[in-house]
Amino acid sequence: MDAREDFQRTVQLLSALALYAHTFGADPDFVDAVGPALAVSLPEPPPDAFPSRCDPHDGPQHPGGQP
């Protein structure tokens, strides 16, 4: 599996977990255990994953971030 596939698969798993967390009967303990583990395992995005004009440092200040 290359870096792009690994990144995409982890994002898909996080998305599926987010959907599951909002379904009736979801197990909050499972979500609380798996969510952080998936987030930590998220690799750096491959260099060509976003358009070249996309600057991650450009845009509004994140709430709670440093001024």
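Refer to the preceding data block for the structure.
What you see is a predicted model, and the numbers here were worked out from it, not measured in a lab.

A. A look at the environment of Val31. Among the secondary structure elements, Val31 is positioned in helix α2 (residues 28-41). Counting along the chain gives eleven residues from Val31 to Tyr20, while the straight-line C-alpha distance between them is 8.2 Å. For Val31, the contacting residues outside a window of four places in its chain are Leu17, Tyr20, Ala21 and Pro36.

B. Representation of the packing of helix α1 (residues 3-21) against α2. At a closest axis distance of 10 Å, the pairing of α1 and α2 adopts a crossing angle of 160 degrees. The orientation of α1 relative to α2 falls into the category roughly antiparallel. Once α1 is placed against α2, the crossing between them reads as left-handed. Along its contact with α1, which presents Thr10, Leu13, Leu14, Leu17, Tyr20 and Ala21, the element α2 presents Phe30, Val31, Val34, Gly35, Leu38, Ala39 and Ser41. Of the residues that constitute the contact of α1 with α2, the class distribution is ten nonpolar, three polar and no charged.

C. Representation of α2. The end-to-end C-alpha distance of α2, which contains 14 residues, comes to 20 Å, matching closely the 20 Å that a straight helix rising 1.5 Å per residue would cover. What α2 keeps buried is the set Val31, Gly35 and Leu38. Next to the buried residues of α2 lie α1. Two to three positions downstream of the cap, the backbone nitrogen of Asp29 sits 3.1 Å from a side-chain oxygen, assigning the N-cap of α2 to Asp27.

D. Layout of the side chain of Thr10. With respect to the helices, strands and loops of the structure, Thr10 is situated in helix α1. When sequence neighbours within four positions are dropped, the list of residues in contact with Thr10 reads Leu38, Ser41, Leu42 and Pro43.

E. Geometry of α1. Under the 1.5 Å per step criterion, the end-to-end length of α1 is 27 Å for 19 residues, consistent within 8% with the ideal 27 Å. Three or more residues of α1 are buried, namely Phe7, Thr10 and Leu17. When α1 is viewed along its axis, its buried side chains cluster within an angular range of 90 degrees and face the same direction. Turned more than 90 degrees away from the buried face of α1 sit Gln12 and Leu19, all of them exposed.

About the thresholds
Residues numbered from 1 in each chain as written. Predicted model: local features only at pLDDT ≥ 70, side-chain atom pairs only at ≥ 80, totals over all residues. Heavy atoms only, no water. Helix = DSSP H or I, 4+ residues; strand = E, 2+ residues; numbered from the N terminus. Contact = heavy atoms within 4.5 Å. Axes fitted to C-alpha atoms, helices over the stretch in contact; angles between N-to-C directions. Parallel < 35°, antiparallel > 145°, perpendicular 65-115°, else oblique. Left-handed = near helix turned anticlockwise from the far one by under 90°. Nonpolar A, V, L, I, M, F, W, Y, C, P; charged D, E, K, R; others polar. Expected span 1.5 Å × (residues − 1). Buried < 20%, exposed > 50% of the residue type's maximum accessible area, 1.4 Å probe, protein only. Polar contact = N/O pair within 3.5 Å; in protein donor to acceptor, adjacent residues only side chain to side chain. Arc of directions from axis to C-beta.

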